[in-house]
Amino acid sequence: MTLKTNIGNDSFDSCMMNASGVWCSTVDELEALIDSKAATFVTKTATLAPREGNPLPRVHHFGPNSINSSGLPNEGIDYYLEALANFEATHPNRAFFLSVTELAEDQIETIMQRVHQSDYHGLVELNLSCPNVIGKPQVGYDFETTARILDRTFSYFDQPLGVKLPPYFDLSHFDQMAEILNRYPLTYVNSINSIGNGLVIEQDAVTIAPKQGYGGLGGAIIKQTALANVRAFYTRLKSDIAIIGTGGVTSGRDVFEHLLCGASMVQVGTALLQEGPAIFARLEEELKAIMDEYGYTSIDDFKGKLKDTI
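Scope of this entry: the structure provided in the associated data block. (Residues numbered from 1 in each chain as written. Predicted model: local features only at pLDDT ≥ 70, side-chain atom pairs only at ≥ 80, totals over all residues. Heavy atoms only, no water.)

Regarding the overall build of the protein chain
Within the protein chain one finds nine helices and 15 strands. The globule rule puts the C-alpha radius of gyration for 310 residues at 19 Å, and the 18 Å found for the protein chain is close to it. Projecting the C-alpha coordinates of the protein chain onto the three principal axes gives extents of approximately 50 × 50 × 45 Å. A burial count over the protein chain gives 57% of its 310 residues as buried. (Helix = DSSP H or I, 4+ residues; strand = E, 2+ residues; numbered from the N terminus. Rg over C-alpha atoms; globule rule 2.2 N^0.38 Å. Buried < 20%, exposed > 50% of the residue type's maximum accessible area, 1.4 Å probe, protein only.)

As for the nonpolar core
Ranked by size, the top nonpolar core spans 73 residues in total, and within it Val-100, Met-112, Leu-181 and Phe-233 carry the most contacts. Setting aside residues no more than four positions away along its own chain, Val-100 makes contact with Thr-45, Ala-46, Ile-77, Ile-111, Met-112, Val-115, Val-124, Glu-125, Leu-126 and Asn-127. Counting 12 residues, the second-largest nonpolar core is a separate cluster that includes Val-42, Phe-97, Tyr-188 and Met-265. (Core = buried A, V, L, I, M, F, W, Y, C linked by side-chain atoms within 4.5 Å. Contact = heavy atoms within 4.5 Å.)

Description of the packing of aromatic side chains
In this structure the tally under the stated criterion is 17 aromatic pairs. Their ring planes at 65° and their centres at 5.2 Å tell us that Phe-41 and Phe-87 sit as a pair that is edge-to-face. Note that Phe-41 is positioned in the loop between helix 1 (27–34) and strand 4 (59–62) and Phe-87 in helix 2 (residues 77–90), a separation of 46 residues in sequence. Of the two residues, Phe-41 and Phe-87, neither departs from the other in class, the shared state being buried. Pairing Phe-41 with Phe-96 gives two aromatic rings, centres 4.5 Å apart and planes at 20°, and the pair type is stacked. In this pair, Phe-41 sits in the loop between helix 1 and strand 4 while Phe-96 sits in the loop between helix 2 and strand 6 (97–100), placing the two residues 55 residues apart along the sequence. The pair Phe-41 / Phe-96 is uniform in exposure class, with both members buried. (Phe/Tyr/Trp six-rings, centres within 6.5 Å; stacked < 30°, edge-to-face > 60°.)

Looking at the packing of helix 7 (residues 252–260) against helix 9 (residues 279–294)
The interhelical angle for the contact between helix 7 and helix 9, taken along N-to-C directions, is 60°, at an axis separation of 7 Å. Considering only the axes of helix 7 and helix 9, their crossing is right-handed. Taking contact as the criterion, the partners of Gly-252, Arg-253, Val-255, Phe-256 and Leu-259 in helix 7 are, on helix 9, Leu-283, Glu-286, Leu-287, Ile-290 and Tyr-294. Among the residues making up the contact of helix 7 with helix 9, the classes are represented as seven nonpolar, one polar and two charged. (Axes fitted to C-alpha atoms, helices over the stretch in contact; angles between N-to-C directions. Left-handed = near helix turned anticlockwise from the far one by under 90°. Nonpolar A, V, L, I, M, F, W, Y, C, P; charged D, E, K, R; others polar.)

Some details on unusual backbone geometry
With omega at -5°, the peptide bond leading from Leu-56 into Pro-57 counts as cis. Backbone geometry at Trp-23 places phi at a positive 55°, although glycine is not the residue there. Mapped onto the secondary structure, Trp-23 falls in the loop between strand 3 (16–18) and helix 1. With a phi close to 55°, Lys-211 is a non-glycine residue in the positive phi region. Within the secondary structure, Lys-211 sits in the loop between strand 12 (205–206) and strand 13 (214–219).

Quick word on helix 2
In this model, helix 2 (14 residues) spans 20 Å end to end at C-alpha, consistent with the 20 Å of a helix rising 1.5 Å per residue. Each element contacted by the buried residues of helix 2 is listed here: helix 1, strand 6 and helix 3 (105–116). (Expected span 1.5 Å × (residues − 1).)

Considerations on the sheet that holds strand 15 (residues 265–268)
If you trace the seven strands from one edge of the open sheet to the other, you get 3-15-14-9-8-7-6, paired in parallel fashion. Each edge of the sheet is formed by a strand with only one pairing partner; in this case those strands are strand 3 and strand 6. For this sheet, the mean inter-axis angle between neighbouring strands, taken without regard to orientation, is 25°. Where strand 7 (residues 123–127) meets strand 8 (residues 161–165), four bridges bridge the pair, whose relative direction is parallel. (Pairing = 2+ DSSP bridges.)

Observations regarding the environment of Ile-244
Here Ile-244 shows up in strand 14 (residues 242–246). Take Ile-244: its relative accessible area is 0%, and that puts it in the buried class. In sequence terms Ile-244 and Asn-193 are 51 residues apart; their C-alpha atoms lie 11 Å from each other. Beyond its immediate stretch of four places on either side in the chain, Ile-244 contacts Ile-7, Phe-97, Tyr-188, Val-189, Asn-190, Ser-191, Met-265 and Gln-267.

Some details on the pattern of salt bridges
Tallied over the full model, the rule gives 11 salt bridges. A salt bridge links Glu-179 to Arg-183; the shortest N-O distance between them is 2.9 Å. Linking Lys-288 and Glu-284 is a salt bridge whose minimum nitrogen-to-oxygen distance equals 3.3 Å. Linking Lys-288 with Glu-284, this pair stays in helix 9, spanning four residues, or about one helical turn. Lys-288 sits in the partly exposed class, given a relative accessible area of 29%. Glu-284 gets classed as buried once you look at its relative accessible area, which sits at 14%. Within the structure, one salt-bridge network assembled from shared partners comprises Lys-223, Arg-253, Asp-254 and Glu-257. (Salt bridge = Lys/Arg side-chain N within 4 Å of Asp/Glu carboxyl O.)

Considering the environment of Ala-178
Structurally, the position occupied by Ala-178 is in helix 5 (residues 171–181). Apart from the residues lying within four places of it in its own chain, the contact partners of Ala-178 are Phe-233, Arg-236 and Leu-237.

Keep in mind these numbers describe shape, not what the thing actually does.
In structure tokens, the structure reads:
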């Protein structure tokens, strides 16, 4: 039985990895993922300069769920490019993901040029969907801006590139975004980022400090929205654009359902933060047990084969 999968021209021994923002801010955290059963890692979303992020407390857990308003804290693009150069030198047969974004359209082009001119030639994830930067809207909800950014990026960028999208809730929005994405030689789409803006209350107060308590929801409560987005884009995008499913993964069954909806890989966020990198061994064991129950020997046996009726 194998969990091998591909994103573009890169192959991975497993279909599971971290979600950007979780267990990936420092070299030590990235090394812990390499030493786990995760297939690979994606870095914390990098900006041009280091960021401290929003005021504390900015993350709160409630059961298998979370709310956060982190505000893109990270070590800056140069830190992650240097780290990736070292990881690529010590693990020459493994492919990694670099996540990047910026807060203004012209700065997105600047950071993409910075990556393009670097020695890094792995997969890149352009985050168009952070809901937690104070005063800044999510780019992924502005279809014209998204198209304009991708037009400029693909005029020079020739590395494997994916985009991380916010959750969409209307079928017409799936149609509109898919039409835009299908214009470009994207390697993959990552769906979804956290659902903003939620509000979690304990006793008579909000649970996080930034934005009057509003933040992105993650964990088990967003799984059904994530599955809908994965399925919607799998059935609308060109077949050579892979899907990475993110959202609500706490068990091997959740991984199975993301794959069934069409994901080629699955990222783990809130549950990884709560359980640590050991979660990947548990998820692998649980997924393989489900595959054995159905008689599947590889994820290609069932990927994207969700039935319309029971």
